[in-house]
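Chain and residue survey
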Amino acid sequence: MQRAAARALRGARTPPVRARSVTARPPPRGLVYERHGEPPAVVQLKDLEVAELGDSDVHVKMLAAPINPADINMIQGTYAILSPLPAVGGNEGVGEVLEVGRRVAALKPGDWVIPAGAGLGTWRTWGVFPEEMLLKVPSDIPVLCAATLSVNPCTAYRMLADFEALAPGDSVIQNGANSGVGQAVIQIAKAFGFKTINVVRDRPDLPKLVERLMALGADHVVTEEMLRKPEMKDIFKSIPKPRLALNCVGGKSTTEMLRHLQPKGTMVTYGGMAKQPVMVPVSAFIFRDVRLRGFWMTQWRKDHAQGECGQHDGRLVPACPEGPARRAGLHRGPAPGLRGSAGGRHEALHILQADPPPLTCSSWAAAGCQAFPCCLVCRRGVLRGQKRKKTHQIH
């Protein structure tokens, strides 16, 4: 799949005898960077090469694509995996199938698809992608649920499931609780009966943020400054100290959060938004035997075969108020071959400004599927959390 992505990014074409041009639409447009650096300095909106539809290719109109921290890091050149330059930004998103090659059997026009892996280049209006680079998702879920399905909720579930054998009544502490992963953790933990202690930075509108996270199912919301105060002891009068800590910040926030972890508990680091090292007192290792682990969703997918992804315990998440939760039912389908983007003002691609990152359905949680450690999605659910303040469009 990586070879197919590299071929598409370089603009390679399917041999003419097997291909036909996608000429019925204006040339695709995309957010392109030709060198690494800060996004405002290196990302440009450009017309892209008109692709050809090969026998095993899929023509996809992008519907929505979020901006995740990893997207920014890839543009900066600091991420663990980098796309060949020039590259179209964006690793996540959802698109609608417009046309398929004659050898494509798993997808048809009208289907919704998401990238099967990183590096697809979703910040474009339309593209022609190899079948193996796409996964089919239901088309009757909210578009923002579909656009943000593959990273944040999957990361949240895997961290809750893989590092500690949590039982109902156990507690989890996390920083960055208002991030996309953080909000997914709150909702999945609530569905499984886990208690959550959620750490956020102080801000002028803190009461509104607390109210929003509590509405999602948070049990406690505290600021980083409160972690050292005596009031924390009151929290642990009603719930046990956490066995699992989830860190996406680093620096002092992580050190303070670790103080509240149970002996032999585990802290999982999956991000470093503060750009500061994780600092752990020697006493935490000697006297409390805490364990420090790391998690990267991309590596998890590499390490687990397609069949293994579905070997979950089958627990289903309660329905959100609007209807029963159902499996998202991801199926491996045509993969985007990174060529093109659709034009026309009526086909604008929405690039979601991720501050905070996009939030999906309230019924996220694991349901074994054959492509991802996926999430249950309430097909009639509504998005919960803060509405998007700004949406960028590529016309």
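Residues numbered from 1 in each chain as written. Predicted model: local features only at pLDDT ≥ 70, side-chain atom pairs only at ≥ 80, totals over all residues. Heavy atoms only, no water.

1. Notes on the environment of N73
For clarity, the cut-off: Here a helix means four or more residues in a row that DSSP labels H or I, a strand means two or more in a row labelled E, and each is numbered from the N terminus. What makes two residues a contact is simply this: any of their non-hydrogen atoms within 4.5 Å.
Checked against the element boundaries, N73 lands in helix 3 (residues 69-76). In this structure, the C-alpha to C-alpha distance between N73 and G37, residues 36 residues apart in sequence, is 9.2 Å. Excluding its chain neighbours within four sequence positions, the residues that come into contact with N73 are T78 and Y79.

2. Quick notes on the pairing of strand 2 (residues 29-33)
Our working rule: Residue burial is assigned from relative accessible area. The probe radius is 1.4 Å, only protein chains are included, and a residue is buried under 20% of its type maximum, exposed over 50%, and partly exposed in between. Two strands make a pair as long as DSSP finds a minimum of two bridges between them.
Taken across its 5 residues, strand 2 has 4 buried, putting it largely inside the fold. As defined by bridge partners, strand 2 adjoins strand 3 (residues 43-47) across 5 bridges and the pair is classed as antiparallel. By the bridge assignment for strand 3, V32 is matched with Q44. Where strand 2 lies against strand 6 (residues 87-88), 2 bridges are found, and the strand directions are antiparallel. For Y33, the partnering residue across the bridge sits in strand 6 and is A87.

3. Structural notes on the sheet that holds strand 2
The strand order 3-2-6 describes an open sheet built from 3 strands, whose pairing is antiparallel. Strands with a single pairing partner mark the edges of an open sheet, and in this sheet they are strand 3 and strand 6.

4. Some words on the nonpolar core
Let me state the cut-off plainly: Working definition of a nonpolar core: buried Ala, Val, Leu, Ile, Met, Phe, Trp, Tyr and Cys residues. They are joined through side-chain atoms within 4.5 Å.
Within the largest apolar cluster, 24 residues are counted, with the highest numbers of intra-cluster contacts made by M159, L160, L244, L246, V268 and F295. Of all the secondary-structure elements, those providing two or more residues to this core are helix 5 (152-162), helix 6 (180-192), strand 14 (244-247) and helix 11 (297-303). Ranked by residues supplied to this core, first place goes to helix 6 with 6 residues. Beyond its immediate chain neighbours, meaning those up to four positions away, L160 contacts L166, V172, V185, I188, A189, F194 and L244.

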